[in-house]
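Here is what each chain is made of, one letter per residue.
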Amino acid sequence: MIEMLAAHGGAEVEDLSASELLRALRERKAVEDRAAADQLDLAARWADLHPPESIHTAAVFSDGGRYGVEHEEPIAGEGCPAVAEFCIAELGTVLGISSTSAKRLIGHALELRHRLPRLWAQVQAGAVPAWRARTVAEATIHSTPSLSVEAARWVDAQVAAVAGRVGPAQLDRLVAETIKRHELAEADPTADPDDGYLSVDPRHATVHDQDVHYAGTMRFEAELDIADALDLDRALAHGAETLKALGSAAPLDARRSAALGDLARTQTALDLHFQGSSAARSEDGLPVAREVVLHAHFDTSLDGLDTVFGPTGRMEEGQRLVLLEQVKGWCGDSRTKVTVKPVIDLNAELTAPGYDIPDRIREQVILRDRTCVFPWCTRPARACDIDHVVPYDHDAHPQGRPQPGATVSSNLAPECRWHHRLKTHSGWRYDVAGPGVYEWTSPHGHRNRRDRTGTTRIDTPPRAADDPEPPDRP
């Protein structure tokens, strides 16, 4: 069925009965699950090919120890083998994911194979989906305190018995409870496991800054003390009613959300009030409630988005979208301190003598490239090193030679510290293909282009000997 659909396109799909469509979907899901299990197995095998012993420090160039050379990377729990850290990047670029995601994939594979063998066997047999097993591996890798091999095996035995028969929420609770009970048993064999709930403090307040809605909202999650939660609920109810009385036509949930923001700004104002007369004040004499530094960019080029919500730009913090109306609202608050930075021409070729990079060039490079320029990396450029693409030769001037790696806009690129080390101490290399456009080549010859829009593979697939030559194109 799957082969028929793939070979003949979508025309035959219209002729399938309801039962045939469902069978085709089930078969495709089985293929997807099998591929995910195979991917875990291949990731573990990739780690096997790159043990710490494969690191050849003598073969890398030294930069005086500023960034350090490749080292072994423990990416799973106790008892799992470490890997040579730079192998992670190539796996990630082949899969089209970030190095962080590739590290997580390899770590999950090793955790399952070495510390959760029952669950690993179920994944490879097709009894448990890979994604579900990976959630268990994530929990056992990052358990606090960390789990010994014996503890992980005990968790494996408990979870494997039901992993294919419960939902993800129940599985998450089971893993957490199993870890907790084992920790209590190790600490005091006579302890009542149910008392463990009292020894764990679940309170937290978390801003999910990577989960930004297109309308410009962000999720805030908290676990509070009962008294604090009830007080907060009453405060939000009062704030929502106040906004309604002032003329707000927003729904109740939206007004409660706005009231929570008002509480934060009120607290900020009180804090500033008690700082003394030197605290910043607005035109009405009240303390400034907002003093936030944001780097927001709006333009009229194709990069500026025009959505149903109105003109939309980009905010560097978290690479989030921001609405022009939101910025106007922030600036319109009489107790908001607004700072406007001068516009920088991103196309100008700025130069500087010597190796050090002046702030004006650094800012231009950050605004031009936005993130680390390694394939699939999303680390904000403002937190990155600025690298000379063609290395700066400190001996060129004393020896009367031209400088191959001058400090100019076109020879600079932001790289996060990890990828900067990778570029310096491994077989990875990259070239500038245009302003803000970089072409990377991995040690195994895989090539990717990175620009402001993201990463694109530019590998040329190998051509079989009996394939005809491709026709010339104008």
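Residues numbered from 1 in each chain as written. Predicted model: local features only at pLDDT ≥ 70, side-chain atom pairs only at ≥ 80, totals over all residues. Heavy atoms only, no water.

Enquirer: Requested: an account of the overall build of the protein, with residues and values cited.
Expert: Helices and strands together make up the secondary structure of the protein, namely 14 helices and 16 strands. By the burial criterion, 33% of the 474 residues in the protein qualify as buried. Of the roughly 28,300 Å² of accessible surface on the protein, 56% is carried by carbon and sulfur atoms. (Helix = DSSP H or I, 4+ residues; strand = E, 2+ residues; numbered from the N terminus. Buried < 20%, exposed > 50% of the residue type's maximum accessible area, 1.4 Å probe, protein only. Areas by Shrake-Rupley, 256 points an atom, 1.4 Å probe, with all protein chains shown as cover.)

Enquirer: Break down the pairing of strand β15 (residues 447-451) for me, with residues and values.
Expert: Burial along β15 is one-sided: N448 and R450 are buried, while R447, R449 and D451, pointing the other way, are not. The turn linking strand β14 (residues 437-441) back onto β15 is made up of five residues, and G445 within it adopts a positive phi angle of 90°. Pairing between β15 and strand β16 (residues 454-457): four bridges, direction antiparallel. Of the residues in β16, the one forming a bridge with R450 is T455. (Pairing = 2+ DSSP bridges.)

Enquirer: Break down helix α7 (residues 149-160) for me, citing the residues and quoting the values.
Expert: If you check α7, its first and last C-alpha atoms are 16 Å apart, about what twelve residues at 1.5 Å a residue would give, namely 16 Å. Buried residues of α7: A151, A152, V155, D156, V159 and A160, and no others. Projection of α7 onto a plane perpendicular to its axis shows the buried side chains occupying an angular sector of 155°, all on one side. (Expected span 1.5 Å × (residues − 1). Arc of directions from axis to C-beta.)

Enquirer: I'd love a proper account of the sheet that holds β14, names of residues and values included.
Expert: If you trace the four strands from one edge of the open sheet to the other, you get β13-β14-β15-β16, paired in antiparallel fashion. Strands with a single pairing partner mark the edges of an open sheet, and in this sheet they are β13 (429-434) and β16. Strand-to-strand twist of the sheet, defined as the mean angle between neighbouring strand axes without regard to direction, takes the value 25°. (Axes fitted to C-alpha atoms, helices over the stretch in contact; angles between N-to-C directions.)

Enquirer: Before we move on, can you summarise the packing of aromatic side chains with the specific residues and values?
Expert: Considering all chains together, one arrives at seven aromatic pairs under this definition. Pairing Y355 with Y392 gives two aromatic rings, centres 5.4 Å apart and planes at 65°, and the pair type is edge-to-face. Highlighted residues: Y355 in the loop between β9 (351-352) and α13 (359-369) and Y392 in the loop between β10 (385-388) and β11 (407-408), separated in sequence by 37 residues. Assessed through its relative accessible area of 30%, Y355 is described here as partly exposed. (Phe/Tyr/Trp six-rings, centres within 6.5 Å; stacked < 30°, edge-to-face > 60°.)

Enquirer: Talk me through the packing of helix α5 (residues 117-124) against α7; I want residue IDs and the actual numbers.
Expert: For the pair α5 and α7, interaxial distance at closest approach is 7 Å and the crossing angle is 45°. By the angle between their directions, the pair α5 and α7 is classed as oblique. The residues of α7 that touch α5, namely those facing P117, R118, L119 and Q122, are R153, D156, A157 and A160. (Parallel < 35°, antiparallel > 145°, perpendicular 65-115°, else oblique. Contact = heavy atoms within 4.5 Å.)

Enquirer: For the packing of helix α3 (residues 87-95) against helix α4 (residues 99-115), give the residues involved together with the corresponding values.
Expert: It is at 8 Å that the axes of α3 and α4 come closest, and there the two elements cross at 105°. When the interaxial angle is binned, α3 and α4 end up roughly perpendicular. Contact residues: I88, A89, L91, G92 and L95 in α3; S99, A102, K103, L105 and I106 in α4. Among the residues forming the contact of α3 with α4, the class breakdown is seven nonpolar, two polar and one charged. (Nonpolar A, V, L, I, M, F, W, Y, C, P; charged D, E, K, R; others polar.)

Enquirer: Got a sec to walk through the pattern of salt bridges? Specific residues and values, please.
Expert: Counted under the stated rule, the structure contains 16 salt bridges. A salt bridge links R219 to E221, with the nearest nitrogen and oxygen atoms 3.8 Å apart. One salt bridge connects K423 with D387, and the closest N-O pair in it is separated by 3.2 Å. Of this pair, K423 sits in helix α14 (residues 417-425) while D387 sits in strand β10, and the two are 36 residues apart along the sequence. Under the relative-accessibility criterion, D387 is labelled buried at 5%. (Salt bridge = Lys/Arg side-chain N within 4 Å of Asp/Glu carboxyl O.)

Enquirer: Go over the environment of V365, please, and point to the residues and values.
Expert: Note on placement: V365 falls in helix α13. With 15 residues separating them along the chain, V365 and L350 place their C-alpha atoms 9.9 Å apart. Every residue in contact with V365, bar those within four places of it in the chain, is listed here: R370, I386, L412, A413 and P414.

Enquirer: Talk me through the nonpolar core; I want residue IDs and the actual numbers.
Expert: Residues L40, I106, L110, L112 and L119 are the most contacted members of the largest nonpolar core, which totals 37 residues. Put simply, the parts of the chain that give this core at least two residues each are α2 (18-48), α3, α4, α5, α6 (130-141), α7 and α8 (168-187). I106 has contacts with A43, W46, A47, I75, I88 and L91, leaving out every residue within four places of it along the chain. By size, the runner-up hydrophobic cluster in this structure holds 15 residues, among which are A89, C372, C416 and W440. (Core = buried A, V, L, I, M, F, W, Y, C linked by side-chain atoms within 4.5 Å.)

Enquirer: Tell me what's going on with the pairing of strand β12 (residues 412-415), and back it up with residues and numbers.
Expert: Side chains of β12 alternate between two faces, with L412 and P414 and A413 and E415 buried alike. As defined by bridge partners, β10 adjoins β12 across four bridges and the pair is classed as antiparallel. By the bridge assignment, D385 is partnered in β12 with E415.

Enquirer: An account of the side chain of R450 is needed here, citing residue identities and associated values.
Expert: Relative to the elements of secondary structure, R450 occurs in strand β15. Buried and without a salt bridge, R450 has D451 as its closest oppositely charged side chain, separated by 6.1 Å. Polar contacts involving the side chain of R450 include one to the side chain of T371, which spans 2.5 Å. Polar side-chain contacts of R450 include one of 2.6 Å to the backbone oxygen of F374. When neighbours within four sequence positions are excluded, R450 is seen to be in contact with T371, C372, V373, F374, P375, W376, C377, G436, V437, Y438 and T455. (Lys, Arg positive; Asp, Glu negative; His and termini not counted. Polar contact = N/O pair within 3.5 Å; in protein donor to acceptor, adjacent residues only side chain to side chain.)

Enquirer: Help me get a handle on the side chain of H419, residues and values and all.
Expert: Structurally, H419 can be placed in helix α14. Judged by its relative accessible area of 3%, H419 is buried. A distance of 2.7 Å separates polar atoms of two side chains, one belonging to H419 and the other to S99. With near-sequence residues (within four places) excluded, H419 lies in contact with S99, C372, F374 and C377.

Enquirer: I'd like a description of the confidence of the model for the protein, backed by residues and values.
Expert: When pLDDT is averaged across the protein, the result is 78; 69% of the residues are at 70 or more. No element of the protein has a lower mean pLDDT than helix α9 (residues 196-199), at 41, and none a higher one than β12, at 96. Across residues 57-67, confidence stays below pLDDT 50; counting only partners more than four residues off in sequence or on other chains, it has 13 contacts. (pLDDT = per-residue confidence, 0-100.)

Enquirer: Explain the environment of D253 to me, using residue names and the numbers behind them.
Expert: Within the secondary structure layout, D253 lies in helix α11 (residues 252-273). By relative accessible area, D253 is classed as exposed at 63%. A sequence separation of 13 residues divides D253 from A240, and the C-alpha atoms of the two residues are 8.3 Å apart.

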